[in-house]
Amino acid sequence: MPRRLEGDFDYIVVGAGTAGCIMANRLSADPKNRVLILEAGGNDNWIWFHIPVGYLFAIGNPRSDWMFKTERGLPMAKR
């Protein structure tokens, strides 16, 4: 069950990728700042998330992939 967070935050960082984590780290370096970092997705309790070759099983699998598709277009030479 998701944990409910209460209180006020000085900064909310959306996305815990490389840039989001760096930003949250820098903002939280000042102890007077309260920083909340949000990341989409569930638990990483699938074995393939913890094995380097696991990305082969994760790509195209709805358990780990948002399954978004893009439209073909001229800027990408219709790829």
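So, here's what we can say about the structure. Nothing here was measured: the structure is a model prediction, and the numbers come from that model.

Bringing the overall build of the chain into the picture now. Looking only at helices and strands, one finds two helices and two strands in the chain. Beginning at the N terminus, the succession of helices and strands in the chain can be written as β-α-β-α. Here the C-alpha radius of gyration of the chain, 18 Å, is well above what a compact globule of 79 residues would show, namely 12 Å. Taken over the C-alpha atoms alone, the chain extends approximately 50 × 35 × 25 Å along its principal axes. For the chain, the accessible surface area stands at approximately 7400 Å², while carbon and sulfur atoms represent 57% of it. One finds the centroid of the 10 positive side-chain charges in the chain at a distance of 9 Å from the centroid of its 8 negative side-chain charges.

So, on to the pairing of strand S2 (residues 35-38). As paired elements, strand S1 (residues 11-14) and S2 share four bridges and run parallel to each other. Residue pairing in the sheet places Tyr11 in a bridge with Val35 of S2. In this fold, the crossover linking S1 to S2 by way of helix H1 (residues 18-28) has right-handed handedness.

Right, let's talk about the packing of aromatic side chains for a bit. A complete count under the given rule lists three aromatic pairs for this structure. Measuring from ring centre to ring centre gives 4.0 Å for Trp48 and Phe57, while their planes differ by 25 degrees; the resulting arrangement is stacked. The partly exposed category is assigned to Trp48, whose relative accessible area is 28%. Centroid distance Trp66 to Phe68: 6.4 Å. Interplanar angle 10 degrees. Geometry classified as stacked. Judged by its relative accessible area of 60%, Trp66 falls in the exposed class. Overall, Phe68 belongs to the exposed group, its relative accessible area being 71%. Positioned above the aromatic ring of Phe9, the side-chain terminus of Arg34 is 4.5 Å from the ring centre.

So, on to the pattern of salt bridges. For the structure shown, the criterion picks out one salt bridge. Close ionic contact of Asp30 with Lys32 constitutes a salt bridge, the shortest N to O distance being 3.9 Å. We classify Lys32 as exposed; its relative accessible area is 68%.

Turning our attention to the environment of Trp66. Position of Trp66 relative to the elements: it lies in the segment after helix H2 (55-58). Along the chain, Trp66 and Gly41 lie 25 residues apart, while their C-alpha atoms are 9.4 Å from each other. When neighbours within four sequence positions are excluded, Trp66 is seen to be in contact with Ala40 and Gly41.

Thresholds applied
- Residues numbered from 1 in each chain as written.
- Predicted model: local features only at pLDDT ≥ 70, side-chain atom pairs only at ≥ 80, totals over all residues.
- Heavy atoms only, no water.
- Helix = DSSP H or I, 4+ residues; strand = E, 2+ residues; numbered from the N terminus.
- Rg over C-alpha atoms; globule rule 2.2 N^0.38 Å.
- Areas by Shrake-Rupley, 256 points an atom, 1.4 Å probe, with all protein chains shown as cover.
- Lys, Arg positive; Asp, Glu negative; His and termini not counted.
- Charge placed at Lys NZ, Arg CZ, Asp CG, Glu CD.
- Pairing = 2+ DSSP bridges.
- Right-handed = clockwise from strand over helix to strand, strands pointing away.
- Phe/Tyr/Trp six-rings, centres within 6.5 Å; stacked < 30°, edge-to-face > 60°.
- Buried < 20%, exposed > 50% of the residue type's maximum accessible area, 1.4 Å probe, protein only.
- Lys NZ or Arg CZ within 6 Å of the ring centre and 35° of its normal.
- Salt bridge = Lys/Arg side-chain N within 4 Å of Asp/Glu carboxyl O.
- Contact = heavy atoms within 4.5 Å.

Everything listed here is a matter of geometry and, on its own, says nothing about what the molecule does.
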